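Tertiary structure, described
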Amino acid sequence: MDAAAKALTPGAVVNVAGDDGQALGTGYFSSKSLIAVRLLDRLPDTAIDAGFLARRIARALRIRQAIYPRPFYRLVHAEGDGLPGLTLDRFGDTVVCQITTAGMEALIDPLLAALDSTIAPENVVLRNDTPSRALEGLDEYVRAARGVAGRIAVEENGLRYFADLAGGQKTGWYYDQRDNHAFMAGLANGKTVLDAYSYSGGFGIAAAKGGATDVVCLDSSAPALALAEDSAAANNVRIKPVRADVFEELERLAAAKETFDVVIADPPPFVRARKDLEPGARAYRKLARLATQVTAPEGYLLLASCSHNMPAERFALECAAGIARAGRQAALIRQAGAGPDHPVHPMLPETAYLKALVYALD
């Protein structure tokens, strides 16, 4: 951090070179983050403008269109699509944008122009309220850059859900669990299901549509459960919403010896930073133990983590330990991550943040 670097505007576009003078490419600079530069292009002196952003978005769009028949997916997955600091989720003619870096914040105007030239959305919502923005010296806000920010319908696996783009979590919906929703729904026919940390019912409603006899959606958020009830009605299925702290409710259910044939536990991140690894690991182990205790004999259990600071091997170890402490044996029948609209950068394992393990219990 010499005087020249300190004089740069946060988010300024710079050329990057090694100590030997070898050009490494074009990126944007941050004086506040522990990550000084995020590369955007392998060539130096690349113009980072609306045209550049449109080319990257257009490439990401072609990949999604090759996979999904309908325009409901994560359109841009940050580094995985060559646009660090940017997440774009598409809901038909609406795009929700989440920016986490000063460099991408400085590109909002050309980003909007790039969206116009690629998919021309009617609504663009800026969900820039993630706490990680503080690491870049950015404030938090939510606003509609175009159109309105409100409740919309989401299509996934042939089902219809509802999401609150202004007040919901993250971008309003979790496309990353799409394939896991479908897999667990396939196990649910004729069975009872507990969807813990259900949010707006992604797993639970899919299970109900898959033929589950009873579905309990457990979450601490009343607005999220209200969305789940509306989504259930839209799909002509029934769920039982339960508003409670998940750990407390699991302990109550275990004490009452209540069980479910299929149990899903998809919590918010327990390891938000590296310093949280050990307490977070203990929380995952406890969750695995409690979830196992409420899984019926010969039942199925899904345990998930969206903490990129929780290594996959450690997560699997904590889940196995929790299951063993519940006195059960298990066979791991599925190991999965996010869907293909969440591409992983080969050199950045953090982009493979989601871990989902499905067990067949004894």
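Here, the structure is the one placed above.
Reference entry: report on the structure contained in this document. Please read all numbers here as calculations on a predicted model, not as lab measurements.

Along the backbone of the protein chain there are 10 helices and 17 strands. Projected onto its principal axes, the C-alpha coordinates of the protein chain cover approximately 65 × 40 × 35 Å. A burial count over the protein chain gives 51% of its 362 residues as buried. The long-range fraction of contacts in the protein chain, counting pairs at least 24 apart against all pairs at least 6 apart in sequence, stands at 59%. When the accessible area of the protein chain is evaluated, it comes to approximately 16100 Å², of which 52% is carbon and sulfur surface. One way to put it: in the protein chain the 39 positive side-chain charges average out to a point 2 Å from where the 43 negative ones average out.

This part is about the sheet that holds strand S17 (residues 355-361). If you trace the seven strands from one edge of the open sheet to the other, you get S13-S12-S11-S14-S15-S17-S16, paired in mixed fashion. On the outer flanks of this sheet lie strand S13 (240-243) and strand S16 (330-336), each paired with one strand and no other. If you compare each strand with its neighbour and ignore which way they point, the axes differ by 15° on average. As defined by bridge partners, strand S11 (residues 192-196) adjoins strand S12 (residues 214-219) across five bridges and the pair is classed as parallel. What sits directly across from Val193, in S12, is Val215.

Our focus in this paragraph is the pairing of strand S14 (residues 260-265). Most of S14 is tucked away, with five of its six residues classed as buried. Of the pairings in the sheet, the one linking S11 to S14 comprises four bridges and is parallel in character. Looking at the pairing, Ala196 lines up with Ala265 of S14. As paired elements, S14 and strand S15 (residues 295-305) share five bridges and run parallel to each other. The residue bridging Ala265 from the neighbouring strand is Leu303, located in S15. As for the winding sense of the linkage, the β-α-β connection from S14 through helix H9 (residues 277-293) to S15 is right-handed.

With that settled, the discussion passes to helix H10 (residues 312-325). With 14 residues, H10 extends 20 Å between its outermost C-alpha atoms, agreeing within 8% with the 20 Å of an ideal straight helix rising 1.5 Å per residue. Looking at the buried side of H10, the elements it contacts are H9, S15, S16 and S17. Directly after H10, the chain includes Gly327, whose backbone phi takes a positive value near 75°.

Within the fold, Thr351 resides in the loop between S16 and S17. Classification of Thr351 as buried rests on a relative accessible area of 10%. A polar atom in the side chain of Thr351 sits 2.6 Å from the backbone oxygen of Leu348. Among all residues touching Thr351, those that are not within four sequence positions of it are His77, Glu79, Gly80, Pro343, Val344 and His345.

Read across the open sheet, the three strands follow the order S1-S2-S3; overall the sheet is antiparallel. In this open sheet, the two strands that pair with only one neighbour each are strand S1 (13-17) and strand S3 (37-41). The mean inter-strand angle of the sheet, taken between neighbouring strand axes irrespective of direction, is 50°. Judged from the four bridges that link them, strand S2 (residues 23-29) and S3 form a sheet pairing that is antiparallel. Directly across from Tyr28, in S3, lies its bridge partner Arg38.

Take the packing of aromatic side chains next. If you walk through the whole model with that rule in mind, you get seven aromatic pairs. Each ring, one from Tyr284 and one from Phe315, has its centre 5.2 Å from the other, and the planes form 85°; the classification is edge-to-face. Highlighted residues: Tyr284 in helix H9 and Phe315 in helix H10, separated in sequence by 31 residues. The buried category is assigned to Tyr284, whose relative accessible area is 2%. Every member of this aromatic cluster is reached through a ring pair, and the members are Phe247, Phe270, Tyr284 and Phe315. Sitting over the face of the ring of Tyr68, Arg178 holds its NZ or CZ atom 4.1 Å from the ring centroid. The ring of Phe183 has Arg334 lying over it, and the distance from NZ or CZ to the ring centre is 4.6 Å.

Before going further, it helps to spend a moment on the pairing of S2. If a strand is regular, its side chains alternate between the two faces of the sheet. A large share of S2 lies buried, amounting to five of its seven residues. Strand direction decides the pairing type here: S1 and S2, joined by five bridges, are antiparallel. Paired with Ala17 across the strands is Ala23, a residue of S2.

With that settled, consider H9. Look at H9: 24 Å from first C-alpha to last across 17 residues, which is about the 24 Å you get at 1.5 Å a residue. Among the residues making up H9, those that are buried are Gly280, Ala281, Ala283, Tyr284, Leu287, Ala288, Leu290, Ala291 and Thr292. Buried positions along H9 lie against helix H8 (246-255), S14, S15, H10 and S17.

Turning our attention to the packing of H8 against H9. Their axes nearest at 9 Å, the elements H8 and H9 cross at an angle of 35°. For the pair H8 and H9, the sense of crossing is left-handed. Mapping the contact onto sequence places Phe247, Leu250, Glu251 and Ala254 in H8 and Ala283, Lys286, Leu287, Leu290, Ala291 and Gln293 in H9.

What counts, and where the lines are drawn
- Residues numbered from 1 in each chain as written.
- Predicted model: local features only at pLDDT ≥ 70, side-chain atom pairs only at ≥ 80, totals over all residues.
- Heavy atoms only, no water.
- Helix = DSSP H or I, 4+ residues; strand = E, 2+ residues; numbered from the N terminus.
- Buried < 20%, exposed > 50% of the residue type's maximum accessible area, 1.4 Å probe, protein only.
- Contact = heavy atoms within 4.5 Å.
- Areas by Shrake-Rupley, 256 points an atom, 1.4 Å probe, with all protein chains shown as cover.
- Lys, Arg positive; Asp, Glu negative; His and termini not counted.
- Charge placed at Lys NZ, Arg CZ, Asp CG, Glu CD.
- Pairing = 2+ DSSP bridges.
- Axes fitted to C-alpha atoms, helices over the stretch in contact; angles between N-to-C directions.
- Right-handed = clockwise from strand over helix to strand, strands pointing away.
- Expected span 1.5 Å × (residues − 1).
- Polar contact = N/O pair within 3.5 Å; in protein donor to acceptor, adjacent residues only side chain to side chain.
- Phe/Tyr/Trp six-rings, centres within 6.5 Å; stacked < 30°, edge-to-face > 60°.
- Lys NZ or Arg CZ within 6 Å of the ring centre and 35° of its normal.
- Left-handed = near helix turned anticlockwise from the far one by under 90°.

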